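# Structural overview for review
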There are 2 protein chains.
Amino acid sequence: MTVTLADVAARARVSPATVSRVLNGNYPVAASTRERVLRAVDDLDYVLNGPASSLAAATSDLVGILVNDIADPFFGIMAGAAQTQIGGPGDGSGRAGGEKLAVICNTGGSPERELTYLTLLQRQRAAAVVLTGGAVENPEHQAAMAAKLAKLADAGTRIVFCGRPPLPEGDALVAALAFDNRGGGRRLTEHLISLGHRRIGYVAGPRERTTTRHRLEGHREALHAAGLGAPAAEGGAGGPGAGSGDQGADGDPLVVHGPYDRRSGYEATLELLRRAPDVTAIVAANDTVALGACAAVRDQGMRIPQDISVAGFDDLPFSVDAVPALTTVRLPLFEAGARAGRLAMGKENPPPGGIATIAAELMIRGSTAAPRG
Amino acid sequence: MTVTLADVAARARVSPATVSRVLNGNYPVAASTRERVLRAVDDLDYVLNGPASSLAAATSDLVGILVNDIADPFFGIMAGAAQTQIGGPGDGSGRAGGEKLAVICNTGGSPERELTYLTLLQRQRAAAVVLTGGAVENPEHQAAMAAKLAKLADAGTRIVFCGRPPLPEGDALVAALAFDNRGGGRRLTEHLISLGHRRIGYVAGPRERTTTRHRLEGHREALHAAGLGAPAAEGGAGGPGAGSGDQGADGDPLVVHGPYDRRSGYEATLELLRRAPDVTAIVAANDTVALGACAAVRDQGMRIPQDISVAGFDDLPFSVDAVPALTTVRLPLFEAGARAGRLAMGKENPPPGGIATIAAELMIRGSTAAPRG
DNA sequence: CTGTTAGCGCGTTCAT
DNA sequence: ATGAACGCGCTAACAG
């Protein structure tokens, strides 16, 4: 029923080996022979058997892209960009030549699923794996990840980090693109301080996430530099079991943690406003959270930016259309994703030292202004 | 270097076949034996060789999810939801048991890439394929798709449509979940008409897309029912080669086509306002386009909804946070995606007749109001 | 319940 | 430049 390489060979009156060679194109084959083989392929509608091919060659054409939440454009943009570099433009025939199969795996931010996907990709003998977005900072999980990635690298899988710092165990097959979250966070808060804000609320992302920590650290750097430091560091006092919605277990009353979504921004902002009615600005962990913060501020009868300034992070496409337009920090998500894709394909050399830091650009718009009075 | 099934068998003092049986769990194995085997697997850090397994079993654990634009939350939400039903929750060990590998493939809306991805999935002997979002209505491409899908189905791949009507060739392995785009579009425009609007601009999606056509048809149905019909149907007069940004080649001056993005909404709205300064409402093909439309309206110095009403479609998460909140049509994207995932896994029976229509719900919010005077 | 025996379809030596 | 033979690692009969 299903047509195999041998069938093609028979029709083209050559040996199976020859067909294999023209298909993989890595061997010298006479032009006339190639012609006959290709015609036979088309005539028979032959499609290579991927598993058989991968088994024999001990490598597959699968490239995995891991994301925390594919419903979030932050990841969608990066993943889509990476795929453009990996999937190949196609030759229009739908025949599928040498392109790789770039596949996006949605971990939902769960460490278990992250590991499971890596195992699944390892099982498929993936050619490369791209890990996007913030990493979970649990030591146990980090160790498990490092071990798993080491095994993948051992098996020849290329590893690329995109938007997250690499794990300690820097391998040769590993390249990393890290966003300057700390610097971006710092400049954003500096901007608010320069406008005259002194009491600034911060809606942070989930705990134990590199992205969350770095952005928050940048915020605190700016605060401290201006002599506005909080009483103490968080100290991680919330402890295990303090899940999402954990708001108030902190040393710093002006910081509230929550997931990276709109609802969290809304609720955390209400909490912040309750705790500290004198805040004149609110910085959100990202733009989606900022949108929720804006809604909360308005529902409290306050205007943006006259009564309260609000700022986000990422500069997602919708942010410029918010009313007022959102002040935020732009991350070149598409460019970074595309570069990660190229690194995964080996089309581009890894940055010196294996790690490149991607600059973040402050975008000042209408949602931030000087505080009243 | 790499540990195989035979190694595990040796260590557990059983035959390779037995190891295979406990790993696949589809055969009776004595509990004590299973125990020994599993321990050997853990001791050796064994990971199944996917290609070899797929080759022998003539089927793989790959499930493909095709989307038009993964950077668009419309697709991100559906795809993520589908993956939750397919990837399995993981057993926390990262060992990866019987779960499938759900992978998202981003076609970018290109027919060629769509076909290429299908070929790639066919090559991998995918267990199932989920096609999401609107289909391209080019007859040639439809024929190619039908042929390709028939071949996939022949090879045992389950086919699921999610958010698009099924192709004519209804196969037994095919299930379809279609959104009621036409009904939603109709009710949205009816709402506008009931508010008193008579001149309504429409920013449509790209031509030759089922989604675009159905939403627009719903709009026109409402118009005609109210005696507000346009002079003539579009007639497809734009013809081939009329790419994106095609604005004005229509029979109906109140309809402008463009891609499903913010910029298109912005520019199309300016064009609409130029052509017909007397419009009192603008309906956009989706929420993202509506955001661009809002920006254009405001940049022209007009207020929403006092001067002009604006409405979208999809009810994406950010729409409720627009200012004013966007009137739109809600599509249960997550639920539909999850159901598609279940259908792909064979966990759920296909709807009677193979096709289910998913209702669309009108969400009336602040961006629409009665026209002035 | 478990072991033995054959391939699955292709890539890759070796020859020629 | 091409063909012949072998084996990749696993599953699926078939015995027992």
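Residues numbered from 1 in each chain as written. Chains lettered and ligands numbered in written order. Predicted model: local features only at pLDDT ≥ 70, side-chain atom pairs only at ≥ 80, totals over all residues. Heavy atoms only, no water.

### So, the overall build of chain A
Filter applied, for reference: Going along the chain from the N terminus, every DSSP run of H or I of four or more residues is numbered as a helix, and every run of E of two or more is numbered as a strand. Burial classes: relative accessible area under 20% of the type maximum marks a residue as buried, over 50% as exposed, and values in between as partly exposed (1.4 Å probe, protein chains only). Working rule for contacts: check all heavy atoms of both residues, and any pair within 4.5 Å makes them a contact.
When helices and strands are tallied, chain A shows 12 helices and 12 strands. The buried share of chain A, reckoned over its 373 residues, is 55%. Put simply, 71% of the contacts in chain A that link residues at least 6 apart link residues at least 24 apart.

### Some remarks on the relation of the copies chain A and chain B
Note the following rule: In this comparison the copies share one frame, found by least squares on the C-alpha atoms of residues holding pLDDT of at least 70 in both.
Once turned by 180 degrees and shifted 0.0 Å along the axis, chain A lies on chain B with an RMSD of 0.1 Å. Those values place the two copies in the arrangement expected of a two-fold rotation axis. Taking the C-alpha atom as reference, chain A places P51 of chain A closest to the rotation axis, 2.1 Å from it.

### Structural notes on the interface of chain A and chain B
Threshold: Defined here as a combined quantity, buried area equals the accessible surface (1.4 Å probe) lost by two parts on assembly, summed across both. In what follows, salt bridge is the name for a side-chain nitrogen of Lys or Arg lying within 4 Å of a carboxyl oxygen of Asp or Glu. N or O atoms closer than or at 3.5 Å make up a polar contact, with two conditions inside protein: a donor-capable atom paired with an acceptor-capable one, and, for residues adjacent in sequence, both atoms drawn from side chains. Note that Gly is not counted as nonpolar here; it falls among the polar residues with everything else outside the nonpolar set of Ala, Val, Leu, Ile, Met, Phe, Trp, Tyr, Cys and Pro and the charged set of Asp, Glu, Lys and Arg.
Taken together, the contact pairs 61 residues of chain A with 62 residues of chain B. In total, about 5,100 Å² of surface goes out of reach between chain A and chain B, with carbon and sulfur atoms giving 58% of it. Joining chain A to chain B, the criterion identifies six salt bridges. Salt-bridge contacts for D321 of chain A lead to R262 of chain B; the nearest nitrogen and oxygen are separated by 2.3 Å. At the boundary of chain A and chain B, one finds 14 residue pairs in polar contact (both at pLDDT 80 or more). For the side of chain A that touches chain B, the leading source of residues is helix 6 (residues 111–123) of chain A, giving 10 residues. Partitioning the side of chain A that touches chain B into residue classes produces 27 nonpolar, 19 polar and 15 charged.

### Notes on the protein's contact with DNA strand D
The test is simple: Summary of the distance rule: residues count as near a molecule or strand when at least one heavy atom falls within 4 Å of that molecule or strand.
Close to DNA strand D lie 24 residues, the nearest being R21 and T33 of chain A together with L5, S20 and Y46 of chain B. With respect to DNA strand D, the backbone of S15 of chain A contributes an N or O atom lying 2.7 Å from a phosphate oxygen. Within the side chain of T18 of chain A, an N or O atom sits 2.7 Å from a phosphate oxygen of DNA strand D. Those elements that place two or more of their residues in the surface near DNA strand D are helix 2 (16–24) and helix 4 (50–57) of chain A together with helix 2 (16–24) and helix 4 (50–57) of chain B. Considering each element in turn, the surface near DNA strand D owes the most residues, five residues, to helix 4 of chain B. Looking at side-chain class alone, the surface near DNA strand D contains 14 nonpolar, eight polar and two charged residues.

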